[in-house]
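The primary structure of each chain is shown beneath.
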Amino acid sequence: MTALEIRNKFLNYFKAHGHSIIPSAPLIPENDPSVLFTTAGMHPLVPYLLGEKHPNGTKLADYQKCLRTVDIDEVGDNRHLTFFEMLGNWSLGDYFKEQSIKYSMEFLTKELNIPIEKLSVTCFKGDADAPRDEETAKIWKENGMPEERIYYFGKDDNWWIAGETGPCGPDTEIFYDTGKEPCGDKCDPSCGCGKYVEIWNNVFMEYYKNPDGTYSKLKQKNVDTGLGLERINMLLQGKETPFDTEIFAPIMERLQELATNDNIASRRIVAEHLRSSMMIIADGGKPSNIDRGYILRRLIRRMIRHLNKLGIDLNNLEELITLNVQILGEMYHELINNKDNIIKTILEEKDKFIKTLENGEKELLKELNKLKEKGVDTLSAEAVFKLYETYGFPQEVTKEIAEENGFKIDLTGFDKLFKEHQEKSRMGSEQKFKGGLAEQNEQTIAYHTATHLLHKALQIVLGEHATQKGSNITTERLRFDFAHPQKVTKEELEQVEKIVNDQIQRDLVVTCEEMSYDEAKASGAIGLFENKYGDRVKVYTIGDFSKEICGGPHVKHTGELGRFKIKKEEASSAGVRRIKAVLEK
Ligand code: SER
C-alpha cells in the first residue's frame, strides 16, 4: 500500500460511516496570527469544537497538511519531519468515546489488516482536573484489547491541548509494536526506545483550559483524532524510516547518484526540507526575515548547505524540484499548479543565499586579518555566532576558512551560544500559541465582520477586480490584502472608510445561511480559496450590503463595530495592496 492509498482508504472508510469529507486547510492559517503554521488537524476546526455549527455537519473526516518547526534541527535522524500529513476523524458534539474507539479499532485491524497483537493503548490516569479514564479502558477491553496492553499515564502523555489555553481533553493513544526487543523491564509505550510507535491519537475534547489555568466543560463533547500518515505508511511497509518509503525514496536515490561526498543525514535533510519548502510555497509562503517567511528561509538555506556538503551542484535544484512534483503531485495537486512559482522562489532564495555566503566570507576574512594584527590565533565564539546570525554564515564554513588561514575556532562556545539562541526562538514560537488557537474574542470577531465590509467597499470604490488576496486579524487591528495594480489614492481611501462607517451606522443585521458551494456562487456570494471549502458552505450576509462565503463567527449587528479607521495602505507584493485598519470605540 502507498501513502495515497492509505489516505484514500481512511477517507472512504469514514465516508461510508456517515462522515463528510472536508478538504485540508492551507498550511498557513488564515485569520489566525496565533500560530505560524497549521500544526494539527484540529487547528482549522477550533471554532466548531467550541460550538460554532459546521456547514458539513457533525461528523467530519479529512487529511490535514501540518508543519511543526520545533524539531527543525533534529531532521536528519531516522524519524523527525517538519511537514507531515495527519488523517483525522471528528465528532462535533456527535459520537464520543465508544464509537470513536470502535472506528479506530475496525479501521486498523479490518481495513489496514494490522493484527491486534501488534497494538497497545494508553489512557489518562486522572488528576485533580479530570478523572481517571476507566470508561475508555473498558471500551478498549470490549473491543478486544487485553488488559495487559492497556496503560495509564498522566497529563504529559495522555492529555491533548494545542498551546496554553483552548479546547482540550484526555486522549487515548494507539501504539504499534515494531517487534524490537524491549529496552528493559520497564519498556512500555511511554519509554520512547522505539519498540512502540504511536500511530493514532483520539482526543476526547470536552474541556476548555482557561487563561487562569482552570478547566471548564465545553458546550459539547467532541472527538478529535490524528493518525500520522508518514508513520503508518512506514510501519505497514515494514520500513525503518519514512525516507525508505515511496514519499522520499526516489529523491533520496537521486541525491545519492548526484552526491560526490555522500552522507545519509544530509540527504535526509535535503529531501525533507525540499518537500516542506515546496508545500509552504504552494500555500502562499515567501521567504523573509520574520515569522513564517523566516522558517521557510531557514528550510531552504539549510537544504542548500547540505546540498553543498553532499558536493551536489546547485544547478541540479530545478531537476530535484521537478522530481518532487512528480513524486508528490498526485497527493498534493497544489504542487503541480504552483510548480513555476515554487521553482522561481527556491532559485531566487538560493541566489540570495549565495550572496550572503560571499558577504559573510568577506566579513570573516576582515575579522581574521584583525586577529592576525593583534597576534590572536583563535576566532571567538561570539565572532562565529555573529557571522551565523547576521550573515546566515554556517559555522562549518567559518571553521573551514578559519583553519585554511591558520586559525582555531571556539566551536564549543559557539554551540553554547547557538543552544541559547535556539531555546529563545523555540520559546518565541511557543509564545505564538499562547493567545490560544484561532482566538475568538469580541475584538477579533468584530474585525472579522469589518473585513467583510472593507472587502465590499473596496470593490465598490476600486472595481470588482479588488478581490481578497489575504487576511490577518489580531485583537489590535485587521490587515487585508487585495488585488489592485496601483496605490490607492487618499480620496479613494476616504471613500472606502466612509462606506464602511455608513454600513456600521445603519446597524445592519448579520445573518448566516448554509448552502451548497454552487448555490452560494449562484447567489452572488463572494467566495475565495475555492479548494478550502467542503461541499456545503456558510454564507454570511450583512444587510443588503455584502454576501460572502465564510466560516464565521461574526457580530450580530454592524452597530457593534465602533468607528472604522484605515491606518495604512501599502504594497504587499506585485499587483497586491495591503490595508491595515482599526475599529475605534
Ligand atoms: N489533536 C491531536 C493531535 O494532534 C489529535 O488529532 O495529536
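Below, the structure is looked at part by part. (Residues numbered from 1 in each chain as written. Predicted model: local features only at pLDDT ≥ 70, side-chain atom pairs only at ≥ 80, totals over all residues. Heavy atoms only, no water.)

1. Thoughts on the nonpolar core
With 104 residues, the main nonpolar core has Leu108, Trp140, Ile199, Trp200, Ile232, Leu307 and Ile346 as its most contacted residues. Beyond its immediate sequence surroundings of up to four residues, tryptophan 200 is in contact with Phe10, Phe14, Asn89, Ser104, Phe107, Leu108, Thr172, Glu173, Ile174, Thr225, Gly226 and Leu227. In this structure, Leu458, Phe482, Ile579 and Ala581 belong to the second largest nonpolar core, which totals 34 residues. (Core = buried A, V, L, I, M, F, W, Y, C linked by side-chain atoms within 4.5 Å. Buried < 20%, exposed > 50% of the residue type's maximum accessible area, 1.4 Å probe, protein only. Contact = heavy atoms within 4.5 Å.)

2. Some thoughts on the packing of helix H9 (residues 291–309) against helix H12 (residues 339–374)
Following both chains from N to C, one finds H9 and H12 inclined at 70°, their axes separated by 10 Å at the closest point. By the angle class used here, H9 and H12 are roughly perpendicular. Judged by the sense of rotation from one axis to the other, the crossing of H9 with H12 is right-handed. Across the interface between the two elements, Arg297, Ile300, Arg301, Met303, Ile304 and Arg305 from H9 touch Ile346, Glu349, Lys350, Lys352, Phe353 and Thr356 from H12. Grouping the amino acids of the contact of H9 with H12 by side-chain chemistry returns five nonpolar, one polar and six charged. (Axes fitted to C-alpha atoms, helices over the stretch in contact; angles between N-to-C directions. Helix = DSSP H or I, 4+ residues; strand = E, 2+ residues; numbered from the N terminus. Parallel < 35°, antiparallel > 145°, perpendicular 65-115°, else oblique. Left-handed = near helix turned anticlockwise from the far one by under 90°. Nonpolar A, V, L, I, M, F, W, Y, C, P; charged D, E, K, R; others polar.)

3. Examining the site of the ligand
With respect to spatial proximity, the complete set of residues near the ligand consists of Ala40, Met42, Arg68, Met86, Trp160, Asn201, Val203, Asp224, Thr225 and Gly226. A distance of 3.4 Å separates an oxygen atom of the ligand from a polar side-chain atom of tryptophan 160. In this structure, aspartate 224 approaches the ligand through a side-chain N or O atom, which is 2.7 Å from an oxygen atom. In isolation the ligand offers 230 Å² of accessible surface; the protein chains occlude 95% of this area. Breaking the shell around the ligand down by element, the ones donating at least two residues are strand E8 (196–209) and strand E9 (215–228). Across the shell around the ligand, the residue classes break down as five nonpolar, three polar and two charged. (Near = heavy atom within 4 Å. Polar contact = N/O pair within 3.5 Å; in protein donor to acceptor, adjacent residues only side chain to side chain. Areas by Shrake-Rupley, 256 points an atom, 1.4 Å probe, with all protein chains shown as cover.)

4. Structural notes on a negative patch on the surface
Residues Glu358, Glu361, Glu400 and Glu404 make up a contiguous surface patch of negative charge. Among the secondary structure elements, glutamate 400 is positioned in helix H14 (residues 395–404). (Patch = residues over 30% accessible without salt bridge, like charges linked within 9 Å, V, L, I, M, F, W, Y side chains within 5 Å. Salt bridge = Lys/Arg side-chain N within 4 Å of Asp/Glu carboxyl O. Lys, Arg positive; Asp, Glu negative; His and termini not counted. Charge placed at Lys NZ, Arg CZ, Asp CG, Glu CD.)

5. Digging into the sheet that holds strand E16 (residues 546–549)
With respect to topology, three strands assemble into an open sheet ordered E14-E15-E16, the strand pairing being antiparallel. Either end of the sheet is taken by a strand with one partner, and the two such strands are strand E14 (510–516) and E16. Each strand axis lies, on average, 25° off the axis of its neighbour in the sheet, ignoring direction. Here seven bridges tie E14 to strand E15 (residues 536–542), and the two strands are oriented antiparallel to one another. (Pairing = 2+ DSSP bridges.)

6. Quick look at helix H13 (residues 381–391)
All of the buried residues in H13 are Ala381, Ala383, Val384, Phe385, Leu387 and Tyr388. Positioned one or two residues after H13, glycine 392 has a phi angle of 65°, which is positive.

7. Brief notes about helix H1 (residues 3–16)
Taking 1.5 Å as the rise per residue, H1 with 14 residues should run 20 Å; its terminal C-alpha atoms sit 20 Å apart, in good agreement. Inspection of H1 places Ala3, Leu4, Ile6, Arg7, Phe10, Leu11, Tyr13 and Phe14 among the buried residues, and these make up the whole buried set. (Expected span 1.5 Å × (residues − 1).)

8. Here's the deal with the pairing of strand E3 (residues 83–92)
E3 sits mainly inside the fold: ten of its ten residues count as buried. Across the two faces of E3 the burial is the same, with Phe83, Glu85, Leu87, Asn89 and Ser91 and Phe84, Met86, Gly88, Trp90 and Leu92 all buried. Note that strand E2 (residues 59–67) and E3 share nine bridges and pair antiparallel. Residue pairing in the sheet places lysine 59 in a bridge with serine 91 of E3. As defined by bridge partners, E3 adjoins E9 across five bridges and the pair is classed as antiparallel. Within the sheet, the bridge partner assigned to methionine 86 lies in E9 and is glycine 228.

9. Focus: the packing of aromatic side chains
Under the criterion given, the structure shown has 25 aromatic pairs. Judged by centre distance (6.0 Å) and plane angle (85°), the ring pair of phenylalanine 107 and tryptophan 200 falls under edge-to-face. Residue phenylalanine 107 is found in helix H3 (residues 97–111), and its partner tryptophan 200 is found in strand E8; the two are separated by 93 residues along the sequence. One exposure class covers both phenylalanine 107 and tryptophan 200, and it is buried. Arginine 7 extends its terminal NZ or CZ atom over the ring of tyrosine 63, reaching a point 3.6 Å from the ring centre. For the cation-ring pair, lysine 195 lies above tyrosine 196, with the distance from its terminal atom to the ring centre recorded as 5.6 Å. (Phe/Tyr/Trp six-rings, centres within 6.5 Å; stacked < 30°, edge-to-face > 60°. Lys NZ or Arg CZ within 6 Å of the ring centre and 35° of its normal.)

10. Structural notes on unusual backbone geometry
The phi torsion at asparagine 113 lies on the positive side, around 55°, for a residue other than glycine. Counting through the fold element by element, asparagine 113 comes out in the loop between H3 and strand E4 (119–124). What makes asparagine 113 exposed here is its relative accessible area of 56%. Backbone geometry at aspartate 507 places phi at a positive 50°, although glycine is not the residue there.

11. Digging into the sheet that holds strand E17 (residues 563–573)
Spatially, the four strands line up as an open sheet ordered E12-E13-E18-E17, and their pairing is antiparallel. Each edge of the sheet is formed by a strand with only one pairing partner; in this case those strands are strand E12 (468–473) and E17. With strand direction ignored, the average angle separating the axes of adjacent strands in the sheet is 20°. Here five bridges tie E12 to strand E13 (residues 478–483), and the two strands are oriented antiparallel to one another. Note on E13: the bridge partner recorded for isoleucine 473 is leucine 478.

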